[in-house]
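# Structural characterization, general
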Amino acid sequence: FLLLHDPTASSSAGSASASAASAAPPASASSRSSIAANPTSPAAEEAVRQFFADVYEVWVKTLMNPFYEPERGVGSPVFRARVAAAGKKYL
């Protein structure tokens with residue numbers, strides 16, 4: 001979940017920014033809170049399953065790249081962006 005962390009939304013700015021952030025939640029906050037509120041619900045399990053299916057698909061595409069070297073880790077910014085997008089979409 002570190003890939004989904006947004007460093008621009010830090011709480012070091014004080015309570016004014018925290019109250020402003022809580023006043024305008026993102027559009028997908030309701031889906032996030034429902035998953036956090038009941039992680040064993042069928043909808044939450046389906047969202048997690050779809051998230052990992054998307055990440056697996058991106059992982060396989062990365063490994064099948066002829067320029068990928070197995071000794072190196074995946075450091076592609078495109079891979080990280082696609083995993084983050086899947087996290088925002090499903091989680």
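So, here's what we can say about the structure. (Residues numbered from 1 in each chain as written. Predicted model: local features only at pLDDT ≥ 70, side-chain atom pairs only at ≥ 80, totals over all residues. Heavy atoms only, no water.)

## A few points about the pattern of salt bridges
Under the definition given, this model contains two salt bridges. A salt bridge links lysine 61 to glutamate 57, with the shortest nitrogen-to-oxygen separation between them at 3.2 Å. Separated by four residues within a single helix, lysine 61 and glutamate 57 lie in helix α3 (residues 42-63), roughly one turn from each other. The partly exposed category is assigned to glutamate 57, whose relative accessible area is 40%. (Salt bridge = Lys/Arg side-chain N within 4 Å of Asp/Glu carboxyl O. Helix = DSSP H or I, 4+ residues; strand = E, 2+ residues; numbered from the N terminus. Buried < 20%, exposed > 50% of the residue type's maximum accessible area, 1.4 Å probe, protein only.)

## So, the packing of aromatic side chains
Enumeration according to the criterion identifies two aromatic pairs in this entry. Ring geometry for phenylalanine 51 and phenylalanine 52: centres 5.1 Å apart, planes at 70°, overall edge-to-face. Overall, the relative accessible area of 8% leaves phenylalanine 51 in the buried class. (Phe/Tyr/Trp six-rings, centres within 6.5 Å; stacked < 30°, edge-to-face > 60°.)

None of this, on its own, says anything about what the molecule does.
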